[in-house]
Amino acid sequence: MADDVTPDGIKSNGTDAAEITADVVVVGSGVAGALMAAKLAKAGVGVAILEAGAPVDRQDGVERFWNALIKVPECPYPATPEAMHPVSDDPDFWFEQAGPDKFKSTYLKSVGGTTWHWLGTCLRLVPNDFKLKSLYGHGDDWPISYDDLEPFYAEAESEIGVAGDASDDLGSPRSAGFPMPEIPLSYLDKTFATALKGSAYEVRPTPQGRNSDFRDDRPGCCGSGSCIPICPIQAKYDATVHVGRAVEAGAVLHDKTTAVFVETGADQRITAIRFKRWDGSEGRATAKIFVLAAHAIETPRLLLNSSSDAMPGGVANSSDQVGRNLMDHPVQLSWALAPKPVYPYRGPLSTSGIENLRDGAFRSGRGAFRIEIGNDGWNWPTGAPVTTAQELAEQGLRGKDLDEALADQTSRHLRIASLVEQLPVPENRVTLGNSRDRYGVPVPKLAYKIDDYARAGFAASVKAHEEIFAALGATEVRHRSDFEGAGHIIGTMKMGTDAKTSVVDANLRSHDHPNLFVLGSSVFPTSATANPTLTIAALSLRAVDAVKASLSS
């Protein structure tokens, strides 16, 4: 079979060869794996990328979203038996949920990974996030500091193309400016900023991985308002950008190719990764170095499934930490009605936030949070504006009266969301379920509970939301009684200095296997409050030199 070209112009390998050989095999083509593959390939390293999912045709995805009756982040990317993934409207669809709480965040299997339906928020962690244990007595300290990662944050912002206001470091000191000016504040943002001026709540433009100007052959944002689940013009970054760069530099993309088992040798080195394809063929991928970048649920699932007589607990798991400390940024969602029009439902879904609540002595007793200000009105909490029209019609309004009432109410919709810090809890974990996928691999089984530290953060965030809405003169204030998922799947492959209590070291190399690296938010020792993608990217870029050095060792 000849090589194929994906809808985004990325050449993929369509052969059914039973053997794949490269210097480095990367599992996963999301932002972590794509960045690593692009940097290695540019340096002349032979790279093979194994991606379980298929390429996405952007226009087909947009049309699926438009036509979907229930619009959730996954509707442009339907799950298939060959590449199953969770969906937002049914937490039991792919996961076996062991409770006591439902884990509500999702991911995709596609070329480009979950960056297809991310919001685009590109916040750095703040320096104290790396020292939660030593400063506040909870969780763990990271084996690196903010200063260690700062140059790679700057590099990640350049690689992704982040638009932001460099005059405000948002609590994270900077050595370089943003590559593009910030996305302008919406009228709604400015209304919040005016009402909250001089208060404890500082409204700031949110750094975003979307173009504010034409850059890297991608247009500037035109305010389509569908950042989640799909940007119709690719103004928002997705990892196909770096998959394309990797392939152009010589990497080989093997899409529709699912890693199912990691083989190890007597010397503890990884020898191969077994894979199965959508067409039923299968084989082995061999390399000097293996990089797992398959997200924080699929990576431990793969390693736990790779158990043997020599390693009954699975690969890279001598610490018994693989799969443990599953975290998210559980969301407190609140909404209200402004006294005057604020004109939501326009532009990127969020262009500002309140970031000055992310650190302080209070973290000794409760989780921190950041507040996202939404431009999407009541769409997330209630399904508006469609549901607003239905409610008004049920009240008996028709014709001109209905039109006027709908225009008035939807123009005044307010929505804010607090993303709350969650502690690493070993009992919150990914294990193997009872049912199996089409390749014979057990599905992910999740045990998950919101800890008291996060629940205290929820309580503080509700108080903050009340104060913010009061400053705006808002009415009809409502708070979601249960948490929402942020889509930020964190933990399960902890980074640390002690091989007995962590899975990878500061360079993201497995403590157990010298030629195995793990990338992604799975390695975060703690969750902090920042949306994780920029930190994922920075850590991946920092690990490039370690992978290169390992090739010659």
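This text goes with the structure placed above it.
Small disclaimer: the values here were computed from a predicted structure and weren't measured. (Residues numbered from 1 in each chain as written. Predicted model: local features only at pLDDT ≥ 70, side-chain atom pairs only at ≥ 80, totals over all residues. Heavy atoms only, no water.)

## Section: the overall build of the protein chain
Next, step 1: Counting its secondary structure elements, the protein chain contains 12 helices and 20 strands.
Next, step 2: Here the C-alpha atoms of the protein chain give a radius of gyration of 23 Å, agreeing with the 24 Å that 2.2 N^0.38 yields for 553 residues.
Next, step 3: For the protein chain, the spread of C-alpha atoms along the principal axes amounts to about 70 × 55 × 45 Å.
Next, step 4: Out of the 553 residues in the protein chain, the part that is buried amounts to 59%.
Next, step 5: Sequence separation of at least 24 residues holds for 73% of the intrachain contacts in the protein chain that already meet a minimum separation of 6.
Next, step 6: Counting every atom, the protein chain has about 20,300 Å² of accessible surface; 50% of that belongs to carbon and sulfur.
Next, step 7: For the protein chain, the separation between the mean place of its 54 positive charges and that of its 70 negative charges on side chains is 1 Å. (Helix = DSSP H or I, 4+ residues; strand = E, 2+ residues; numbered from the N terminus. Rg over C-alpha atoms; globule rule 2.2 N^0.38 Å. Buried < 20%, exposed > 50% of the residue type's maximum accessible area, 1.4 Å probe, protein only. Contact = heavy atoms within 4.5 Å. Areas by Shrake-Rupley, 256 points an atom, 1.4 Å probe, with all protein chains shown as cover. Lys, Arg positive; Asp, Glu negative; His and termini not counted. Charge placed at Lys NZ, Arg CZ, Asp CG, Glu CD.)

## Thoughts on the packing of helix α4 (residues 146-160) against helix α12 (residues 533-551)
Next, step 1: Relative to each other, α4 and α12 sit at 110 degrees, their axes nearing to 8 Å. Judged on the interaxial angle alone, α12 and α4 are roughly perpendicular. Mapping the contact onto sequence places Asp 148, Leu 149, Phe 152, Tyr 153, Glu 155, Ala 156, Glu 157, Glu 159 and Ile 160 in α4 and Leu 534, Thr 535, Ala 537, Ala 538, Leu 539, Leu 541 and Arg 542 in α12.
Next, step 2: Of the residues belonging to the contact of α4 with α12, the class tally is 10 nonpolar, one polar and five charged. (Axes fitted to C-alpha atoms, helices over the stretch in contact; angles between N-to-C directions. Parallel < 35°, antiparallel > 145°, perpendicular 65-115°, else oblique. Nonpolar A, V, L, I, M, F, W, Y, C, P; charged D, E, K, R; others polar.)

## As for the state of the cysteines
Next, step 1: The full count for this structure, using the stated rule, is zero disulfides.
Next, step 2: Note on Cys 122: no disulfide assigned, nearest cysteine sulfur contributed by Cys 227 at a separation of 12 Å.
Next, step 3: With no disulfide of its own, Cys 221 lies 6.1 Å from the sulfur of Cys 222, the closest cysteine sulfur. (Disulfide = S-S within 2.5 Å.)

## Looking at the packing of aromatic side chains
Next, step 1: One pass over the structure, following the stated rule, counts 10 aromatic pairs.
Next, step 2: Measuring from centroid to centroid gives 6.0 Å for Tyr 77 and Trp 116, while their planes differ by 55 degrees, and the two rings are tilted. Of this pair, Tyr 77 sits in the loop between α2 (58-67) and β6 (96-100) while Trp 116 sits in the loop between β6 and α3 (132-136), and the two are 39 residues apart along the sequence. The two residues Tyr 77 and Trp 116 agree in class, both being buried.
Next, step 3: Positioned over the ring face of Phe 483 is Lys 104, at 4.3 Å from the centre of the ring. (Phe/Tyr/Trp six-rings, centres within 6.5 Å; stacked < 30°, edge-to-face > 60°. Lys NZ or Arg CZ within 6 Å of the ring centre and 35° of its normal.)

## Topic: unusual backbone geometry
Next, step 1: With omega at 5 degrees, the peptide bond leading from Gly 99 into Pro 100 counts as cis.
Next, step 2: Position of Pro 100 relative to the elements: it lies in strand β6.
Next, step 3: Of note, the bond from Ile 228 into Pro 229 is cis; its omega dihedral lies within 30 degrees of zero at 20 degrees.
Next, step 4: Turning to its location among the elements, Pro 229 is positioned in the loop between β7 (203-205) and α6 (240-248).

## Here we look at the sheet that holds strand β9 (residues 257-264)
As a general point, the strands of a sheet are linked pairwise by backbone hydrogen bonds and lie either parallel or antiparallel.
Next, step 1: Read from one edge to the other, the open sheet built from four strands follows the order β3-β11-β10-β9, with strand pairing classed as mixed. Where the open sheet ends on each side, the last strands, each with one partner, are β3 (19-21) and β9. Put simply, the sheet's adjacent strands are angled 25 degrees from each other on average, direction ignored. (Pairing = 2+ DSSP bridges.)

## A look at α6
Next, step 1: Of all the positions in α6, only Thr 240, Val 241, His 242, Val 243, Ala 246 and Val 247 are classed as buried.
Next, step 2: Gly 250 occupies a position one or two residues after α6 and carries a positive phi of about 120 degrees.

## Brief notes about the pairing of strand β16 (residues 413-420)
Next, step 1: Burial within β16 is extensive, with eight of its eight residues counted as buried.
Next, step 2: Side chains His 413, Arg 415, Ala 417 and Leu 419 project from β16 onto one buried face, and the interleaved Leu 414, Ile 416, Ser 418 and Val 420 project onto a second face that is buried too.
Next, step 3: Here strand β13 (residues 331-337) pairs with β16 via seven bridges, running antiparallel. Its bridge partner lying in β16, Leu 337 is registered against His 413.
Next, step 4: Summarising the sheet, strand β15 (residues 369-373) and β16 pair through five bridges and their orientation is antiparallel. Across the sheet, residue Ile 373 finds its bridge partner in β16, namely Ile 416.

## Description of the nonpolar core
Next, step 1: Ranked by internal contacts, the top residues of the largest apolar core, which has 89 residues, are Val 24, Val 47, Val 291 and Leu 539.
Next, step 2: No other element matches α12, which puts 11 residues into this core.
Next, step 3: Once residues lying within four places of it in the same chain are set aside, the contact partners of Val 47 are Ala 22, Val 24, Val 26, Ala 37, Leu 40, Ala 41, Ala 251 and Val 252.
Next, step 4: Counting 39 residues, the second largest nonpolar core, distinct from the first, contains Leu 196, Leu 326, Phe 369 and Ile 450. (Core = buried A, V, L, I, M, F, W, Y, C linked by side-chain atoms within 4.5 Å.)

## Brief notes about the pattern of salt bridges
Next, step 1: In this structure the tally under the stated criterion is 34 salt bridges.
Next, step 2: For Glu 404, the salt bridge is made with Lys 400, and the minimal N-O distance between the two is 3.9 Å. Highlighted residues: Glu 404 and Lys 400, both in helix α10 (residues 399-410), separated by four residues, approximately one helical turn.
Next, step 3: By relative accessible area, Lys 400 is classed as exposed at 61%.
Next, step 4: Among the charged side chains, a salt-bridge network with shared partners connects Lys 39, Glu 155, Glu 159, Arg 215, Asp 216 and Arg 245. (Salt bridge = Lys/Arg side-chain N within 4 Å of Asp/Glu carboxyl O.)

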